[in-house]
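# Survey of secondary and tertiary structure
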Amino acid sequence: MAAGRGRVTIAAIAEAAGVSVPTVSRVLNGRSDVSPTTRELIERLLREHDYRPRNSRHPGRARLVDLVFNDLDSPWALELVRGVEDVTHAAGVGTVVSQVHHRSTATRQWLQNLRARASDGVIFVTSDVAEPIHSELHRLKVPVVIIDPAGGVAADVPTIGATNWSGGRTATDHLLSLGHRRIGIVAGPRELLCSRARLDGYRAAMEAAGMAVDEDLVVTGDFRHESGFVAGGRLLDLPDPPTAVFACSDLMALGVYEAARRRGILVPDQLSVVGFDDLPESRWSSPPLTTVRQPLAEMGGLAARTVLRLSRGETIETPRVELVTKLEIRESTAAPARGRGVTA
């Protein structure tokens, strides 16, 4: 197969992958009706041979998708970027990553830049789309998808998320099954739907187990290390501290680790900790962190496929998608030490 730029055809990619031309076309167009294994093979071949489509919806310019964060300073954000770029690169589309921070001047500058480059679509992360921005993007005929919306969104804006309530309940059920009864939670920012859902899952698990929620054990962080460290310290300094903590992000869980270390408290011998996200750091922490896996890269990939479909004028099956979370049990959880937090 010729590897020169612009000389590789869809037919050649299909032959190398052992699939039909329409299958390669479906991958290029961001369609979801291709098996993960086949998609991965085709995307690898497209990257290796630097395939670029001959035609574009906007001839004469590069195709681009905008990925907009409020905060980029997190491994969580990098996982989403990776998922988006895997799809856009295979489709011959560039990704423009921006950080807005809710500042009006930054938002105006971003909109000005977007008008200049005529984006094919915008993916917002953990954000609300203010009405002026939504109206302007609608006027420009630029489709929008939101990953983990902060609050309610317009009915015509698709959203991608995860089963946060179920994940929060599963994490808490795991700690209850080990025998913990005083279970603290470090929740995320209250303004985010995903944070409220994880907290609600925790409350549901406690109530289902017949355990009243002690509000002293409910503290709030901002998903970062430092807030987990501060919140963990508050919990561990209580007169009757928890024997387990569910931190609603891996970074906050690692902050709880540090709060425990500074107090000479061993994880999991004296304190069990569960996180949420399953970032790469969670597997390499000491001890390896039990956590709820949030399929971040898959969420980014699905958002990218959705916005590319909308850019072609295609309809989507459902505007609200939640990908499944899964508990990954590692070495940071164990039964409580005898006599601590256990009811007869």
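The rules behind the values
- Residues numbered from 1 in each chain as written.
- Predicted model: local features only at pLDDT ≥ 70, side-chain atom pairs only at ≥ 80, totals over all residues.
- Heavy atoms only, no water.
- Axes fitted to C-alpha atoms, helices over the stretch in contact; angles between N-to-C directions.
- Helix = DSSP H or I, 4+ residues; strand = E, 2+ residues; numbered from the N terminus.
- Parallel < 35°, antiparallel > 145°, perpendicular 65-115°, else oblique.
- Left-handed = near helix turned anticlockwise from the far one by under 90°.
- Contact = heavy atoms within 4.5 Å.
- Nonpolar A, V, L, I, M, F, W, Y, C, P; charged D, E, K, R; others polar.
- Buried < 20%, exposed > 50% of the residue type's maximum accessible area, 1.4 Å probe, protein only.
- Pairing = 2+ DSSP bridges.
- Right-handed = clockwise from strand over helix to strand, strands pointing away.
- pLDDT = per-residue confidence, 0-100.
- Expected span 1.5 Å × (residues − 1).
- Arc of directions from axis to C-beta.

Right, let's talk about the packing of helix H7 (residues 164–177) against helix H8 (residues 193–208) for a bit. Between H7 and H8, the shortest axis-to-axis distance is 7 Å and the interhelical angle comes to 40°. Relative to H8, the element H7 lies oblique. Handedness of the H7/H8 crossing: right-handed. Here Asn164, Trp165, Gly168, Arg169, Thr172, Asp173 and Leu176 of H7 lie close against H8, whose contacting residues are Cys194, Ala197, Arg198, Asp200, Gly201, Tyr202, Ala204, Ala205, Met206 and Ala208. For the contact of H7 with H8, the class distribution of residues is nine nonpolar, four polar and four charged.

On to the pairing of strand E4 (residues 144–147), then. Side chains Val144 and Ile146 of E4 all project onto a buried face; the interleaved residues Val145 and Ile147 project onto the opposite face, where all are buried too. Note: strand E3 (residues 121–125) against E4, four bridges, orientation parallel. By the bridge assignment, Val122 is partnered in E4 with Val144. The handedness of the E3 to E4 crossover, carried by helix H6 (residues 131–139), is right-handed. Pairing geometry for E4 and strand E5 (residues 159–162), over two bridges, is parallel. Paired with Ile147 across the strands is Ile160, a residue of E5.

Within the chain, residue pLDDT values average 86, and 88% of them lie at 70 or more. In this model, residues 2–6 is a region of pLDDT below 50 whose contacts with residues beyond four sequence positions or in other chains number eight contacts.

Moving on, we get to helix H3 (residues 36–48). Look at H3: 18 Å from first C-alpha to last across 13 residues, which is about the 18 Å you get at 1.5 Å a residue. Where H3 is concerned, the buried positions are Arg39, Ile42, Glu43, Leu45 and Leu46. Each buried residue of H3 sits inside an arc of 160° when the element is viewed along its axis, so together they form one side. Exposed residues on H3 whose side chains face more than 90 degrees from its buried face are Pro36, Thr37 and Glu40.

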